[in-house]
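Architecture and fold: a report
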Amino acid sequence: MSHFFHHIDLDQSGLIVCDASDVYAAVKKCRDRGYEGLLIGDPMAYSKKFADSDDPFWLGSDEGQLFKLTLNDVLKGQIDAGADRAMIPTGYIGPGDRDAFKAAVHEAATVEREDTIFAAPLDIAWLSDGYIKQTIAILSRLHLPKAVYLGSQGDPLKTFTSEPVTNIRRLVTEVSDVSIFATDLEAFDVLAHGATAASIGTGGALRHIIRPDQEPQSPRPRSDQSPTLLIPELAAFLAGSTMYKRFANAYAPTCACLPCAGRALDTFLSGVDRKAAQQHGVATWTTWLKNLVEQERNARPSWWKGFCQAAVDAHDAYNVAIRQRNAFKPPKALKLWAELPQ
């Protein structure tokens, strides 16, 4: 993880370290290795259990403990390990489980710490037209900062038509102090439309969450070990193997970011390239973030819309370059960001 510490803009950004086994050790390791920026530990409680009305949180194993851990013990432990903010370990909130959702918010409201974030790991159904009013109403009751995670097998924004995109914008507009964590370039859309913060996963498995009773599924064969790569001009994540195949008979674009230093984007082909792909991604979206925050707040939606339209258009340019019609197709979310009103 330390391989991309120096690519993080400490003035505008920070790091969320995800560890379901020992988040305290993961946070401490980051500090021990010299990371001095904003740091949050995510215990990934949503990967351990479903939230329910009687027990919405996962407080870890009691094995080896003389006394049962309390929520305050867990939060204090994260801060003592070196985190700047403590994350409430909320279980996965399934579609329509209003009682579990309300119970988690009710218990979180009793927390009197000022260094705490409420994790809201929501099945993507909570962002549908049928549930969005309830989602907003429940989260609006809580005084703490809120971090929403989007749960789905695969890209959450492919689940419906335009509902998740439009309703996430509505969520960050109508609920105070709300962020979207563990996502992809949706982070920029919500930041442009008023979210407090957002995080992008450095790998595909960290760009959404899944139900704790499911295993992650991938459309790629297991033999394909190439990392997922952020293609700057396309504003899209593609497998390194996809870039290699598409540019088999053409010169691939290169990247001028500091880690790549002119490296061709069709050369990320195996597991050993994963760190380089992560460094490239962090360096690339950090530059985009600087461009976004340089805009006046009321101009950010327009800047983002234009950015996305340019990326949609770049897909056609790539197809012309490789002489393959429709080989590169813009992701649905990217097209919506370019088309929807600001």
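Procedures and definitions
Residues numbered from 1 in each chain as written. Predicted model: local features only at pLDDT ≥ 70, side-chain atom pairs only at ≥ 80, totals over all residues. Heavy atoms only, no water. Helix = DSSP H or I, 4+ residues; strand = E, 2+ residues; numbered from the N terminus. Rg over C-alpha atoms; globule rule 2.2 N^0.38 Å. Buried < 20%, exposed > 50% of the residue type's maximum accessible area, 1.4 Å probe, protein only. Contact = heavy atoms within 4.5 Å. Areas by Shrake-Rupley, 256 points an atom, 1.4 Å probe, with all protein chains shown as cover. Axes fitted to C-alpha atoms, helices over the stretch in contact; angles between N-to-C directions. Parallel < 35°, antiparallel > 145°, perpendicular 65-115°, else oblique. Left-handed = near helix turned anticlockwise from the far one by under 90°. Nonpolar A, V, L, I, M, F, W, Y, C, P; charged D, E, K, R; others polar. Phe/Tyr/Trp six-rings, centres within 6.5 Å; stacked < 30°, edge-to-face > 60°. Core = buried A, V, L, I, M, F, W, Y, C linked by side-chain atoms within 4.5 Å. Pairing = 2+ DSSP bridges.

1. So, the overall build of the chain
Within the chain, the secondary structure is distributed over ten helices and eleven strands. By the compact-globule yardstick of 20 Å for 342 residues, the chain fits well, its C-alpha radius of gyration being 20 Å. The proportion of buried residues among the 342 residues of the chain is 50%. Here the analysis covers contacts within the chain between residues at least 6 apart in sequence; of these, 67% occur between residues at least 24 apart. Summed over all atoms, the accessible surface of the chain reaches about 16,500 Å², with 49% contributed by carbon and sulfur.

2. Quick notes on the environment of Tyr318
Summarising the element assignment, Tyr318 is placed in helix H9 (residues 300-322). Exposure remark for Tyr318: the relative accessible area of 6% places this residue in the buried category. Taking the C-alpha atoms as reference points, Tyr318 and Pro221, 97 residues apart in sequence, are found 25 Å from one another. Discounting chain neighbours no more than four positions away, the residues touching Tyr318 are Ile231, Glu233, Leu234, Met243, Phe247, Pro253 and Phe328.

3. Considerations on the packing of helix H1 (residues 23-32) against helix H2 (residues 71-81)
Contact pair H1 / H2: the axes reach a minimum separation of 8 Å and the direction vectors enclose 20°. Considering the angle they form, H1 stands roughly parallel to H2. Read as a crossing pair, H1 and H2 show a hand that is right-handed. Each of Val23, Tyr24, Val27, Lys28 and Arg31 in H1 lies in contact with H2, whose residues at this interface are Val74, Gly77, Gln78 and Ala81. Grouping the constituent residues of the contact of H1 with H2 by class yields five nonpolar, two polar and two charged.

4. Describing the packing of aromatic side chains
The tally for this structure, following the rule as stated, stands at 15 aromatic pairs. With 5.1 Å between their ring centres and 45° between their planes, Phe5 and Tyr35 make a pair best called tilted. Of the two residues, Phe5 sits in the segment before strand S1 (14-18) while Tyr35 sits in the loop between H1 and strand S2 (38-42), which places them 30 residues apart along the sequence. Among the residues examined, Phe5 registers a relative accessible area of 11% and is labelled buried. Judged by relative accessible area, which is 3%, Tyr35 ranks as buried. An angle of 70° between the planes, with centres 4.9 Å apart, marks the rings of Trp288 and Phe307 as edge-to-face. Here the residue Trp288 occupies a position in helix H8 (residues 274-293), and Phe307 occupies one in helix H9, the gap between them amounting to 19 residues. The buried category is assigned to Phe307, whose relative accessible area is 18%.

5. Overview of the nonpolar core
Judged by nonpolar contacts, the single largest core of 74 residues is most densely connected at Ile88, Phe118, Val148, Phe188 and Trp337. It is H9 that provides the largest number of residues to this core, a total of six residues. The next biggest cluster of nonpolar side chains, apart from the first, holds 19 residues, and it includes Met243, Phe268, Ala327 and Phe328.

6. Some thoughts on the pairing of strand S4 (residues 116-123)
Summarising burial for S4: eight of the eight residues are buried, a large majority. Of the two faces of S4, the one carrying Thr116, Phe118, Ala120 and Leu122 and the one carrying Ile117, Ala119, Pro121 and Asp123 are both buried. The pairing of strand S3 (residues 86-88) with S4 spans three bridges and is classified as parallel. Looking at S4, one finds that Ala86 is bridged to Thr116. Taken together, the six bridges between S4 and strand S5 (residues 146-151) define a ladder with parallel strand orientation.

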